[in-house]
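Now for the letters of each chain:
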Amino acid sequence: MVEQVIVGTVGRAHGLRGQVTVRPRTDAVEERFADGARLTSGQRELIVTGHSWQQGRLVVGLGNPGPEYAATRHNIGYLVVEELASRSRGKFATHKRARAAVAEERLQGQRAVLARCSTYMNESGGPVKALASFYQAAPDQIIAIHDELDIDFGTMRLKFGGGDNGHNGLKSMRSALGTGDFYRVRAGIGRLPAVPER
């Protein structure tokens, strides 16, 4: 049986690899960030299909803990998993064996463990490895949602495997897991325009 898991939230999907369905919703979503950026768009859900996973999915939102990072673009990974949990009225709780908070949910009828590491971005690998071990999740059952500077704000791309492209969270995960063969949802945050010199 082919299972389906929601892995994404807002914006258009470009450059998707693998068998992916993009299903638009009719409601609108507005995200505001501390740096003043604003996004309003039709909400879309990315559904990953084409495999059968007995243990569901481990969906990790990469970010940094603490109030100073809470509403910044770089924490969009945290924001995505929080949104997914809120849709099913789930709540995060500290995991007993990993430095992370998790919410065990069913998304579209399929099991998903949503996670936020409580470490800084460049130390994400340890908690992700511990969660993967606890839930017996293979690398290709892991979805890492992270910020991507080189993609326009409001755009999301799905990728399986590959390098880390200089992203410290992905670098840490690749090192801890011993492989880069996991899914990545690359959430575009764009580059802020240069401030003209006076």
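Residues numbered from 1 in each chain as written. Predicted model: local features only at pLDDT ≥ 70, side-chain atom pairs only at ≥ 80, totals over all residues. Heavy atoms only, no water.

A.B. asks: I'd like a description of the environment of Arg111, backed by residues and values.
C.D. replies: By the element assignment, Arg111 lies in strand β8 (residues 110-117). Under the relative-accessibility criterion, Arg111 is labelled partly exposed at 27%. In this structure the C-alpha to C-alpha distance between Arg111 and Gly56, which are 55 residues apart in sequence, comes to 4.8 Å. (Helix = DSSP H or I, 4+ residues; strand = E, 2+ residues; numbered from the N terminus. Buried < 20%, exposed > 50% of the residue type's maximum accessible area, 1.4 Å probe, protein only.)

A.B. asks: Which residues make up the nonpolar core, and what are the values?
C.D. replies: The biggest cluster of nonpolar side chains holds 21 residues, and the ones touching the most others in it are Leu58, Val60, Val128, Leu131, Ile142, Met173 and Phe182. Residue assignment for this core shows that the elements contributing at least two residues are β5 (57-61), β7 (100-107), β8, α2 (125-135), β9 (142-148) and α3 (168-177). Examining the composition of this core, we find that four residues originate from one element, α2, more than from any other. Val60 has contacts with Val81, Ala115, Cys117, Val128, Ile142, Ile143, Ala144 and Ile145, leaving out every residue within four places of it along the chain. (Core = buried A, V, L, I, M, F, W, Y, C linked by side-chain atoms within 4.5 Å. Contact = heavy atoms within 4.5 Å.)

A.B. asks: Could you give an account of the layout of surface pockets, naming the residues involved and the relevant values?
C.D. replies: The probe, sized like a water molecule, is rolled over the atoms to show the empty space still left. For the largest pocket, the calculated volume is near 260 Å³. Lining the largest pocket are 13 residues, with His74, Asp147, Gly166, His167 and Asn168 sitting closest to its centre. Here the residues of the lining of the largest pocket sort into two nonpolar, seven polar and four charged. If you add up the space inside the second largest pocket, you get close to 150 Å³. Lining of the second largest pocket is provided by Asn64, Pro65, Gly66, Ala70, Asn75, Tyr78, Leu79, Glu82, Ala101, Arg116, Cys117 and Ser118. When contributions to the lining of the second largest pocket are tallied by element, the ones reaching two or more residues are α1 (76-87) and β8. Among the elements that take part in the lining of the second largest pocket, α1 stands out by supplying three residues, more than any other. Here the residues of the lining of the second largest pocket are counted per class, giving six nonpolar, four polar and two charged. (1 Å grid on protein atoms, 1.4 Å probe; cavity = no way out; pocket = protein on both sides within 12 Å on 5 of 7 lines; lining within 4 Å. Points joined across faces, edges and corners; volume = space filled by probe spheres on them. Nonpolar A, V, L, I, M, F, W, Y, C, P; charged D, E, K, R; others polar.)

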